[in-house]
Amino acid sequence: MSDVSLDWANLGFGYIKTDFRYIAHWKDGKWGGGKLTDDNVLHISEGSTALHYGQQCFEGLKAYRCKDGSINLFRPDENAKRMQRSCRRLLMPEVPIEMFVEACKQVVKANEKFVGPYGSGATLYLRPFLIGVGDNIGVHAAPEYIFSIFCCPVGAYFKGGMKPTNFIVSDYDRAAPQGTGAAKVGGNYAASLLPGKDAKARNFGDCIYLDPTTHTKIEEVGSANFFGITKNSEFVTPLSPSILPSITKYSLLYLAENRLGLKAIEGDVYIDKLSDFVEAGACGTAAVITPIGGIQNGDDFHVFYSETDVGPVTQQLYHELTGIQFGDVDAPEGWIVKVA
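Reading the values: rules and limits
- Residues numbered from 1 in each chain as written.
- Predicted model: local features only at pLDDT ≥ 70, side-chain atom pairs only at ≥ 80, totals over all residues.
- Heavy atoms only, no water.
- Patch = residues over 30% accessible without salt bridge, like charges linked within 9 Å, V, L, I, M, F, W, Y side chains within 5 Å.
- Areas by Shrake-Rupley, 256 points an atom, 1.4 Å probe, with all protein chains shown as cover.
- Salt bridge = Lys/Arg side-chain N within 4 Å of Asp/Glu carboxyl O.
- Helix = DSSP H or I, 4+ residues; strand = E, 2+ residues; numbered from the N terminus.
- Core = buried A, V, L, I, M, F, W, Y, C linked by side-chain atoms within 4.5 Å.
- Buried < 20%, exposed > 50% of the residue type's maximum accessible area, 1.4 Å probe, protein only.
- Contact = heavy atoms within 4.5 Å.
- Disulfide = S-S within 2.5 Å.
- Expected span 1.5 Å × (residues − 1).
- Phe/Tyr/Trp six-rings, centres within 6.5 Å; stacked < 30°, edge-to-face > 60°.
- 1 Å grid on protein atoms, 1.4 Å probe; cavity = no way out; pocket = protein on both sides within 12 Å on 5 of 7 lines; lining within 4 Å.
- Points joined across faces, edges and corners; volume = space filled by probe spheres on them.
- Nonpolar A, V, L, I, M, F, W, Y, C, P; charged D, E, K, R; others polar.
- UniProt positions renumbered as here; feature names shortened; annotations may be inferred.
- Axes fitted to C-alpha atoms, helices over the stretch in contact; angles between N-to-C directions.
- Parallel < 35°, antiparallel > 145°, perpendicular 65-115°, else oblique.
- Left-handed = near helix turned anticlockwise from the far one by under 90°.

What about a nonpolar patch on the surface?
Where nonpolar side chains cluster on the molecular surface, the patch consists of Leu42, Ile44 and Leu51 and spans about 240 Å² of accessible area. Structurally, isoleucine 44 is set in the loop between β3 (35–37) and α1 (49–52).

And the structure:
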């Protein structure tokens, strides 16, 4: 169990320096041996492509303390596969899946005291990232790369329980139609800062991004994926080549169909057909599920289940997924990797 003096119940989602992080270097066409280090400062060339041309990608996943004191990682191989896809899009060397998962396990074991106690809602957030480095000035792939993973203890996303949040449709595009929307790269998030700030200034949780080609279909909710529950017991989530494929979303698609008996659908979600849904939510690693109370689209404000209460199907999905992550519900084969 943890012996760190932290107010676990009141932790937010912010940077807290932990004891160790993992680092590995790619040079001369191959990965060197990775290692743990206590140095949280990177030393890189001023010509690094990550600084000038955005040649970098990252991931996010969590470690969960179980009732018996053991620690779970949730589908880390899927994060590894998604990082490999990001690497291919940005011409970076792929991190082997085994190397990625083993590095995650090393970081969690070395920082085990920062994994929140069972029942506190706190978890250990892992941030793997890969950056292009080395002396460079031209617009081309870097000569060297750094792969690293650091971690931070984070609190329960919902203080006092899940509560619906309202969102507003943005006039900005999150990504270009054939751009990097499906890759987890920093540029997508930099582009979201201004629209997100504008949404919050209007007292919304974040903004809804529509498809960049026609501006008629929902793509993402801030930095999360959208889902809706229809009156016909369907779990529907958008399908588009410019959406980041959320591991949480695909987990919910499986659970909706195989545990809750819903029909799971990836397809178009038209912004002018919100009345098709009786519940809606946003999903991702940080919050798992954020229930959506309503969406402001121009002059129209559409409320789903309620602005104050969480819908029953959304609640079921949340408890099923978090139960699996914390070891209280049987997991589908291969979803859980034990660390300790």
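Read on, since the account is not over.
Quick word on the nonpolar core
Of all hydrophobic cores here, the largest spans 39 residues; its most connected members are Phe100, Val108, Leu126, Leu130 and Phe147. Among the elements of the structure, β1 (21–27), β5 (61–65), β6 (71–74), α2 (76–89), α3 (97–110), β7 (123–133) and β8 (144–154) are those that each provide at least two residues to this core. Apart from the residues within four sequence positions on either side, valine 108 is in contact with Ala63, Ile71, Leu73, Val115, Leu124, Leu126 and Val339. Counting residues in each nonpolar core, the second largest holds 19 residues, with Phe227, Leu253, Ala256 and Phe326 among its members.

Structural notes on the state of the cysteines
In total, this model carries 0 disulfides according to the counting rule given. Considering cysteine sulfurs only, cysteine 151 is the nearest to cysteine 152, which forms no disulfide, with 6.6 Å between them.

Quick word on α3
Here α3 is 14 residues long and its end C-alpha atoms lie 20 Å apart, about the 20 Å a rise of 1.5 Å per residue gives. Those residues of α3 that fall on the buried side of the exposure criterion are Met99, Phe100, Val101, Ala103, Cys104, Val107 and Val108.

Some details on the packing of aromatic side chains
A complete count under the given rule lists 13 aromatic pairs for this structure. Pairing tryptophan 26 with tyrosine 145 gives two aromatic rings, centres 5.5 Å apart and planes at 70 degrees, and the pair type is edge-to-face. With a gap of 119 residues between them, tryptophan 26 in strand β1 and tyrosine 145 in strand β8 connect regions that are remote in the sequence. Tyrosine 145 matches tryptophan 26 in its accessibility class, with the two residues each being buried.

Quick word on empty space enclosed by the protein
Tallied over the full model, the rule gives 4 cavities of 30 Å³ or more. If you add up the space inside the largest cavity, you get close to 110 Å³. Lining the largest cavity, in full, are Gly60, Leu61, Lys62, Tyr64, Phe74, Asn79, Ile247, Thr248, Gly284, Thr285, Val288 and Gln325. At the level of elements, β5 and α5 (247–258) are the ones that each hand at least two residues to the lining of the largest cavity. Per-element accounting of the lining of the largest cavity gives the leading share, 3 residues, to β5. Of the residues belonging to the lining of the largest cavity, the class tally is 5 nonpolar, 6 polar and 1 charged.

Let's talk about the UniProt feature "modified residue: N6-(pyridoxal phosphate)lysine" (unreviewed entry) in the chain
Under the present numbering, the feature "modified residue: N6-(pyridoxal phosphate)lysine" (unreviewed entry) in UniProt falls on Lys184. Tracing the backbone through its elements, the reader meets lysine 184 in the loop between β9 (165–169) and α4 (186–201). The buried category is assigned to lysine 184, whose relative accessible area is 11%.

Focus: the packing of α2 against α3
Two numbers describe how α2 lies on α3: the axes approach to 9 Å, and their chain directions differ by 130 degrees. Taken together, the axes of α2 and α3 lie oblique to each other. In this structure, α2 meets α3 at a crossing whose hand is right-handed. Across the interface between the two elements, Pro76, Asp77, Asn79, Ala80, Lys81, Met83 and Gln84 of α2 pack against Ile97, Phe100 and Val101 of α3. Across the contact of α2 with α3, the residue classes break down as 6 nonpolar, 2 polar and 2 charged.

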